[in-house]
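Geometric and topological summary
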Amino acid sequence: MADVKDGLVAVLKAEGRVDDSEKLALSKGWDHDKLVGAIKSLLAEEQVTASSEKREGWKLTAEGEEYVKNGSPEVLVFNFVKSKGSVPNAEIDAALGPVAKIGMGTAMKNKWVSMDKATKAVTPAVDSVKDEVQEDLQKLGSLGKDKTDGLKKRKLVAPTSLTAFKVETTSNFGAEKAVADITAEMILKGTWASTNFKSFNFENASGIPCTGGHLHPLNKMKTEIRTVLMLMGFEEMKTNQWVESSFWNFDTLFQPQQHPARDAHDTFFMETPARAQDIPADYMAEVKKVHEQGGYGSTGWRYDWSEDEARKNLLRTHTTAVSARTLYQLAKDYKATGVFKPKKYFSIDRVFRNETLDATHLAEFHQVEGLIADRNIGLPHLIGTFRDFFSRMGLSKLRFKPAYNPYTEPSMEIFGFHPILKKWVEVGNSGVFRPEMIQTMGLPEDVSVIAWGIGLERVVAQQFNIRHIKDLFSAQQDVAATKKFKHAWLRRVEAEGA
């Protein structure tokens, strides 16, 4: 390419321009692709400007070039037969080789030769023929469409595309080659001041446009649920404490220390730090008393309550620990002011359980927790709250089933119908907090607290028709599929049978 570039520079010095790179390449015997490379090199150095023109045409194939040199197969067959007068077909094959079969067929079709069916002898049928195929190939550039299509059909020509350039010199032509980078040597010697540097190209400085940024279905649903609950008058609790003490996670909820949920088979306990230090001493004494001796109409659990067990740290198993801390603060405010203010709270955050993984269970998942603290409320208000909440979420197929929780009485489970699994799936648990829990904190005796916890992943699976929960929240998730999930919005449906 260096020789071609030097030749191009010589032409430009002599004439100042190149009107047609294709013609120049033909006249100089240069490869046009190498000439284009030389032009682009001078363009990069800003020594020339160029305009391009795309040209469509035809070129000979290897078979076409052979026909130009030796003649078409049909003419070769005719000439051989003419020279022999009469010749067996096998002798033609032996003499002409591979072209004999092609040429024999075309010569027979043109009625230039004839064959005796009995003896297979071939004789000429005309006195002379003209090799029009060879002539057409020799003047390919001036042929009409019909003849060109005929040659293309015989695979003697192929389409070609060429971009020709018109080149003109600039004021930088012949100047010293521009340098891309400054070097330490230039700085030491001071030559950088007189060096011709390339100008910066900021045309593509912004890079490739980002195609990401799609929200995960869990984040979409969290946004929707948060908006729904705020419209229902709830305020959000602080949930920034994944590591919790057994006291706030279990004991303050009036859950006995022998309960199976507190086993290592169901809970992830912390090795470091192993013990909690921030438990209020007076409140811990009240919790110990109600566990051992009872109170507020209860006989308690009748066992020796262990402070060491209560101080064990763990990954919280439910966000009810957050609710317990919030209600304790609400009770402190009541003690300080003597005025109880009804409250509606919610939280959405991650919890951890030592679960066996299946289509509806994970070892870590998100829980939506809600509670209402007020006078004269109970289970009917809880069911009504659920129907209102889920209708805003677009779900109407709900069922409620009596259940047992150590810290709520009465208690009930919430089930929703899964459209893919075609069965009822538990989506949450709920109930009315027991007096042993809320009155130990110091809330008024006539105040009740209704509360619930809902598995966010299960709601998302129902809303987005996801069969297996690991398709949503694990390494098996198809990240590309998140682009197809609908964005969160609010909608209301009529209840079943309404």
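Look up a bit, the structure's there.
Before going into details, it helps to say that this report is about the structure given with it. (Residues numbered from 1 in each chain as written. Predicted model: local features only at pLDDT ≥ 70, side-chain atom pairs only at ≥ 80, totals over all residues. Heavy atoms only, no water.)

**Examining unusual backbone geometry**
Looking along the chain, the bond that leaves Thr-272 and enters Pro-273 is cis, with omega of -10°. On the secondary structure map, Pro-273 appears in the loop between α12 (246-249) and α13 (281-292). The omega torsion of the bond from Glu-409 to Pro-410 falls at 0°, within 30 degrees of zero and hence cis. Position of Pro-410 among the secondary structure elements: in strand β13 (residues 408-418). One non-glycine residue, Lys-120, lies in positive phi territory at about 60°. Relative to the helices and strands, Lys-120 resides in the loop between β4 (113-115) and β5 (121-124). Using a relative accessible area of 47% as the deciding quantity, one classes Lys-120 as partly exposed. Non-glycine residue Phe-254 carries a positive phi angle of around 60°. Note on placement: Phe-254 falls in the loop between α12 and α13. (Helix = DSSP H or I, 4+ residues; strand = E, 2+ residues; numbered from the N terminus. Buried < 20%, exposed > 50% of the residue type's maximum accessible area, 1.4 Å probe, protein only.)

**Description of the pattern of salt bridges**
If you walk through the whole model with that rule in mind, you get 23 salt bridges. Two residues, Asp-19 and Arg-17, come together in a salt bridge whose shortest N-O distance is 2.9 Å. For Asp-19, a relative accessible area of 54% corresponds to the exposed category. Overall, the relative accessible area of 32% leaves Arg-17 in the partly exposed class. (Salt bridge = Lys/Arg side-chain N within 4 Å of Asp/Glu carboxyl O.)

**Some details on the side chain of Ser-245**
Here Ser-245 lies in strand β8 (residues 243-245). The exposure class assigned to Ser-245 is buried, which follows from its relative accessible area of 2%. Residues within four places of Ser-245 in sequence aside, it is in contact with Ala-276, Ile-279, Ala-310, Lys-312 and Asn-313. (Contact = heavy atoms within 4.5 Å.)

**Description of the packing of aromatic side chains**
For any pair of aromatic rings, the description consists of the separation of the ring centres together with the inter-plane angle of the planes. Scanning the entire structure with this criterion turns up 15 aromatic pairs. Here Phe-386 and Trp-452 contribute two aromatic rings whose centre-to-centre distance is 5.5 Å and whose plane-to-plane angle is 70°, an arrangement assigned as edge-to-face. Remark: Trp-452 occurs in strand β15 (residues 447-455) and Phe-386 occurs in helix α16 (residues 379-392); sequence separation between them is 66 residues. Assigned by exposure class, Phe-386 and Trp-452 land together as buried. (Phe/Tyr/Trp six-rings, centres within 6.5 Å; stacked < 30°, edge-to-face > 60°.)

**Some remarks on a nonpolar patch on the surface**
Where nonpolar side chains cluster on the molecular surface, the patch consists of Ile-182, Ile-187 and Trp-192 and spans about 320 Å² of accessible area. With respect to the element layout, Trp-192 can be found in the loop between α10 (184-189) and α11 (217-231). Among the residues examined, Trp-192 registers a relative accessible area of 44% and is labelled partly exposed. (Patch = residues over 30% accessible without salt bridge, like charges linked within 9 Å, V, L, I, M, F, W, Y side chains within 5 Å. Areas by Shrake-Rupley, 256 points an atom, 1.4 Å probe, with all protein chains shown as cover.)

**Side note on the sheet that holds strand β12 (residues 398-405)**
Taken in spatial order, the seven strands of this open sheet run β7-β10-β11-β15-β14-β13-β12, and their pairing is mixed. Unpaired on one side and paired on the other, β7 (235-236) and β12 mark the two borders of the sheet. Relative to strand β11 (residues 364-375), strand β10 (residues 343-352) runs antiparallel, the two sharing ten bridges. Residue Ile-348 lies in a different strand from β11, and its bridge partner there is Val-368. (Pairing = 2+ DSSP bridges.)

**A look at the sheet that holds strand β3 (residues 87-88)**
Two modes of strand pairing occur in sheets, parallel and antiparallel, and in both the strands are linked by backbone hydrogen bonds. Strand order in the open sheet formed by three strands is β3-β5-β4, with antiparallel pairing between adjacent strands. What marks the edges here is a single partner per strand, and that holds for β3 and β4. In terms of strand pairing, β3 meets β5 through two bridges, oriented antiparallel. By the bridge assignment for β5, Pro-88 is matched with Ala-121. Contacts from helix α7 (residues 99-109) reach β4 and β5, with the element oriented near 100° to β4. (Axes fitted to C-alpha atoms, helices over the stretch in contact; angles between N-to-C directions.)

**Description of the pairing of β15**
With eight of nine residues buried, β15 is to be regarded as a mostly interior element. The sheet contact formed by strand β14 (residues 423-433) and β15 spans five bridges and is antiparallel. The partner of Asn-429 across the bridge, within β15, is Gly-453.

**Overview of a negative patch on the surface**
Together, Asp-263, Asp-266, Glu-355 and Asp-358 make up a region of like negative charge exposed at the surface. Along the chain, the position of Asp-266 falls in the loop between α12 and α13. (Lys, Arg positive; Asp, Glu negative; His and termini not counted. Charge placed at Lys NZ, Arg CZ, Asp CG, Glu CD.)

**Some thoughts on helix α3 (residues 32-44)**
A turn of α-helix holds 3.6 residues, and therefore any two residues three or four places apart point the same way. The end-to-end C-alpha distance of α3, which contains 13 residues, comes to 18 Å, matching closely the 18 Å that a straight helix rising 1.5 Å per residue would cover. Turning to α3, its buried residues number three or more, namely His-32, Leu-35, Val-36, Ala-38, Ile-39, Ser-41 and Leu-42. Capping the start of α3 is the job of one residue whose side-chain oxygen sits 2.9 Å from the backbone nitrogen of Asp-33: Asp-31. With its phi angle positive at about 60°, Glu-46 sits one or two positions after the end of α3. (Expected span 1.5 Å × (residues − 1). Polar contact = N/O pair within 3.5 Å; in protein donor to acceptor, adjacent residues only side chain to side chain.)

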